[in-house]
Amino acid sequence: MPSYIKQTEAANIKKQICAVYNNNGDWRELANNIGVKRSTAYRWLKNQDRIPMQRGGKRRTKITEEHREFIVQYVEENNKITLKELRQKFLTDHQIIVSSECLRKHLDGLLYTLKDVRREPERLNSGETKLRRKEYVQQLLNYQSENIPVTYLDETNFNLFISRRQGRSKKGTRCRYISAGSRGANVHVIGCIGNMGLIHHEIRRGAFRREEAKEFVRNCLRAAYNIHQTRVVLVVDNAPCHAGLEEVFQEPEFQDHLLLRLSPYSPMLNPIEFAWSSFKAAVKRAMSLRLQQILAGEERTNLPQNQYRLSELEIILRDNINIININNCARYVAHIQRYFPDVLNLVDMVV
């Protein structure tokens, strides 16, 4: 075939010559006019009914589609199953010897990836819990319809062991960092947020007990009233230190304010949980930069080591508390609204 005929045009030319031949036309003259050699045109006509053979063919594999269904079944029955246990399952149930790498690739192809296992309490989605969750949302919506400001209270704690769970190192080496020999005492951060941002917070060492919780609630209600100039709703969870907070709302100074108990197993309905998550991420970033300096104690003067480390941790907390600002708090409060339809319809929730 002359070089001026493109390879992409050869299929169309072949069809034209074969059509003329099948209609008892002069295919030789057509081939000559187009510029196709007679031997080439003759070969096309001779092989026009031949079905081309498939190139390569299907690769032989031990794992069939039926076996892939068994892989899914095994993982769904026990999501903690290991590749070694999967291999043993295939050997016992199907008399197939297969490598762990082969199973891993098939799991990846089935979109089953390895990840951290999250604990789910057995009563998270019990009938009673879902009903109490629904009652909480209904009451919260009633307060919102009355334009009563809603504030959310909670506490979290920090120690010297707080750090990022992931890091980077050269391939084939472990990712390590020097940590404190002891986590030391906890530093508690107690806060209260609303649409207007962080209303009140305290940073303190040691345990946070009932009497301290009551005093914090008093300070929180005073700060909330100064901001809103009206009564507010304070949402608290059912932590042991929050027992007896109803007594504060019976005092003359605070009897106009309202207390709303968060339903059990419902952290997704408390926006301050998202605030703590952002706050802890900021603290972890700061600790990754300053931990070695704190452990070395270069700036320690007359303070005992444990007191110095706690004081440095408190400085980091105070420096990063401003991440809980009005914009973020408004976003956190709006975020929990997405769960309300499912809660009202008694749909299972995930923590």
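An account of the accompanying structure is given in this report. If you're wondering where the values come from, they're calculated on a predicted model, not measured in any experiment. (Residues numbered from 1 in each chain as written. Predicted model: local features only at pLDDT ≥ 70, side-chain atom pairs only at ≥ 80, totals over all residues. Heavy atoms only, no water.)

A separate point is the overall build of the protein chain. The number of helices and strands found in the protein chain is 12 helices and five strands. Against the 2.2 N^0.38 benchmark of 20 Å for 351 residues, the protein chain shows a C-alpha radius of gyration of 35 Å, more extended than a compact globule. Summarising its shape, the C-alpha atoms of the protein chain cover approximately 110 × 55 × 50 Å along the three principal directions. Expressed as a percentage of the 351 residues in the protein chain, the buried residues total 37%. Considering only intrachain contacts with a sequence separation of at least 6, the fraction spanning at least 24 residues in the protein chain is 69%. Across the protein chain, the centroid of the 55 positively charged side chains sits 13 Å from that of the 39 negatively charged ones. (Helix = DSSP H or I, 4+ residues; strand = E, 2+ residues; numbered from the N terminus. Rg over C-alpha atoms; globule rule 2.2 N^0.38 Å. Buried < 20%, exposed > 50% of the residue type's maximum accessible area, 1.4 Å probe, protein only. Contact = heavy atoms within 4.5 Å. Lys, Arg positive; Asp, Glu negative; His and termini not counted. Charge placed at Lys NZ, Arg CZ, Asp CG, Glu CD.)

When you line up the elements, His242 lands in the loop between strand S4 (233-236) and strand S5 (258-261). There is a polar contact of 3.0 Å between the side chain of His242 and the side chain of Glu155. Sequence-distant contacts of His242, defined by excluding residues within four places in its chain, comprise Leu153, Glu155, Val236, Asp237 and Arg261. (Polar contact = N/O pair within 3.5 Å; in protein donor to acceptor, adjacent residues only side chain to side chain.)

Turning our eyes to something else, we now look at the environment of Asn226. The residue Asn226 is located in helix H8 (residues 210-228) in this model. Considering only alpha carbons, one finds Asn226 and Ile199, 27 residues apart in sequence, at a separation of 9.7 Å.

Once that is clear, we can look at the side chain of Ser263. By the element assignment, Ser263 lies in the loop between S5 and helix H9 (272-296). For Ser263, the side chain forms a polar contact with the side chain of Ser266, separated by 2.8 Å. Setting aside anything within four residues of it in sequence, one finds Ser263 in contact with Arg132, Arg133, Tyr136, Asn238 and Leu269.

So, on to the packing of aromatic side chains. This model, assessed by the stated rule, comprises five aromatic pairs. Taking the centre distance of 6.5 Å and the plane angle of 85° together, the rings of Phe208 and Phe216 count as edge-to-face. Both residues of the pair, Phe208 and Phe216, count as buried. Relative to Phe279, the ring of Trp276 has its centre 6.2 Å away and its plane inclined at 40°; by these criteria the two rings are tilted. Taken together, the residues Trp276 and Phe279, both in helix H9 and three residues apart, mark about one turn of the helix. This pair shows no difference in class: Trp276 is buried, exactly as Phe279 is. Sitting above the plane of the Phe158 ring, Lys280 keeps its charged end 5.8 Å from the centroid. For the cation-ring pair, Arg338 lies above Tyr339, with the distance from its terminal atom to the ring centre recorded as 5.6 Å. (Phe/Tyr/Trp six-rings, centres within 6.5 Å; stacked < 30°, edge-to-face > 60°. Lys NZ or Arg CZ within 6 Å of the ring centre and 35° of its normal.)

Right, let's get into the packing of H9 against helix H10 (residues 305-320). With their axes 10 Å apart at the nearest point, H9 and H10 run at an angle of 145° to one another. The two elements H9 and H10 cross, and the hand of that crossing is right-handed. Taken together, the residues of H10 that come into contact with H9 (itself represented by Phe279, Ala282, Val283, Ala286, Met287, Arg290, Gln293, Ile294 and Leu295) are Tyr308, Arg309, Glu312, Leu313, Ile315, Ile316, Leu317, Asp319 and Asn320. Its residues assigned to classes, the contact of H9 with H10 shows 12 nonpolar, two polar and four charged. (Axes fitted to C-alpha atoms, helices over the stretch in contact; angles between N-to-C directions. Left-handed = near helix turned anticlockwise from the far one by under 90°. Nonpolar A, V, L, I, M, F, W, Y, C, P; charged D, E, K, R; others polar.)

Scanning the entire structure with this criterion turns up 14 salt bridges. Across the pair Arg204 and Glu202 runs a salt bridge whose closest N-O atoms are separated by 2.6 Å. Relative accessible area serves as the criterion here: at 17%, Glu202 is assigned to the buried category. Note that Glu253 is salt-bridged to Arg222, the shortest N-O span being 2.9 Å. Pair noted here: Glu253 is in the loop between S4 and S5 and Arg222 is in helix H8, with a separation of 31 residues, a long-range link. The class of Arg222 is partly exposed, set by a relative accessible area of 32%. Residues joined by salt bridges that share partners form a network here, namely Glu101, Arg104 and Asp108. (Salt bridge = Lys/Arg side-chain N within 4 Å of Asp/Glu carboxyl O.)

So, on to helix H11 (residues 326-335). Each α-helix turn comprises 3.6 residues. Residues three or four places apart therefore point the same way. Looking at H11, one finds that the buried residues are Asn328, Cys329, Tyr332 and Val333. Buried residues in H11, looked at end-on, bunch into an arc of 135°, giving them a common side. Buried residues in H11 make contact with strand S1 (150-158), strand S2 (187-194), strand S3 (197-205) and H9. Measuring from the backbone nitrogen of Asn327 back to the side-chain oxygen at the start of H11 gives 3.3 Å, which picks out Asn325 as the cap. (Arc of directions from axis to C-beta.)

Okay, the pairing of S1 next. By the criterion of burial, S1 is predominantly enclosed, with eight of the nine residues buried. Where S1 and S4 come together, three bridges link them in parallel fashion. Looking at the pairing, Val150 lines up with Val233 of S4. Strand direction decides the pairing type here: S1 and S2, joined by seven bridges, are antiparallel. Along S2, the bridge assignment pairs Glu155 with Ile190. (Pairing = 2+ DSSP bridges.)

Moving on: the sheet that holds S3. If you walk across this open sheet you meet the five strands as S3-S2-S1-S4-S5, and the pairing is mixed. Edge positions in the open sheet fall to S3 and S5, since each of these has one partner strand only. Put simply, the sheet's adjacent strands are angled 25° from each other on average, direction ignored. Of the pairings in the sheet, the one linking S2 to S3 comprises eight bridges and is antiparallel in character. In the sheet register, Ile193 faces S3, and the bridge partner there is Leu198. Lying over the sheet, H9 contacts S1 and S2, oriented at roughly 35° with respect to S1. Packed onto the sheet, H10 meets S1, S2 and S3 and runs at close to 175° relative to S3.

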